[in-house]
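Here are the chains, one letter per residue:
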Amino acid sequence: MESAPRHQARERAVSLLYEAELKNDPPSAVVAALAVPPDEFTVALLAAVEEHKSEIDAMVGEVAIGWDLDRMAVIDRNVLRLAVAELISFPDVPTAVVLNEAVDLATGYSTDESGSFVNGILATLAVRIRG
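Since the structure is predicted, the reported quantities are computational estimates derived from the model, not experimental observations.

### Regarding the nonpolar core
Membership of the largest hydrophobic core comes to 41 residues, with the highest contact counts inside it found for Val60, Val79, Leu82, Ile121 and Leu122. At the level of elements, helix 1 (4–23), helix 2 (27–32), helix 3 (40–63), helix 4 (74–89), helix 5 (95–109) and helix 6 (114–130) are the ones that each hand at least two residues to this core. Top contributing element to this core by residue count: helix 3, with nine residues. Setting aside anything within four residues of it in sequence, one finds leucine 82 in contact with Arg10, Ala13, Val14, Leu17, Leu45, Val49 and Leu105.

This is how it looks when you write it as structure tokens:
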């Protein structure tokens, strides 16, 4: 099972992705402006999202039938980006952990339906990405 620090790193990453989106800045610029940098795993997650953002958005858009990325709740969109980036860039993290963490984040920080919404999209993408 994942340790609490990794869960906290993912929470921090989602909050920084949210901030980056609101400021219309890349995550790296938001991190660079922080007085205290986040932990290494958070930075690595953010770098993965930034590196693969176009690819991630295209994959999510293809699977989220009837949902434009712009219509999704901001938290849901960023949780999906984070989880897909983790599926792509961190093959050592078990798929089930990535999905469970994403559902927990969506459930805890977004709408009542967000957990199942995120789970449905990620379940499909996880098969495509990891087989």
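### Some thoughts on the side chain of aspartate 57
Within the secondary structure layout, aspartate 57 lies in helix 3. When its relative accessible area of 14% is taken as the criterion, aspartate 57 is described as buried. Here the side chain of aspartate 57 touches arginine 81 through a polar contact of 2.8 Å, side chain to side chain. Among residues more than four places away in sequence, those in contact with aspartate 57 are Leu69 and Arg81.

### Thoughts on the environment of glutamate 101
Within the secondary structure, glutamate 101 sits in helix 5. For glutamate 101, a relative accessible area of 10% gives the class buried. Sequence separation between glutamate 101 and glutamate 113 is 12 residues, and the spatial gap between their C-alpha atoms is 16 Å. Looking at glutamate 101, its side chain comes within polar contact range of the side chain of histidine 7, at 2.6 Å.

What counts and how
- Residues numbered from 1 in each chain as written.
- Predicted model: local features only at pLDDT ≥ 70, side-chain atom pairs only at ≥ 80, totals over all residues.
- Heavy atoms only, no water.
- Core = buried A, V, L, I, M, F, W, Y, C linked by side-chain atoms within 4.5 Å.
- Buried < 20%, exposed > 50% of the residue type's maximum accessible area, 1.4 Å probe, protein only.
- Helix = DSSP H or I, 4+ residues; strand = E, 2+ residues; numbered from the N terminus.
- Contact = heavy atoms within 4.5 Å.
- Polar contact = N/O pair within 3.5 Å; in protein donor to acceptor, adjacent residues only side chain to side chain.

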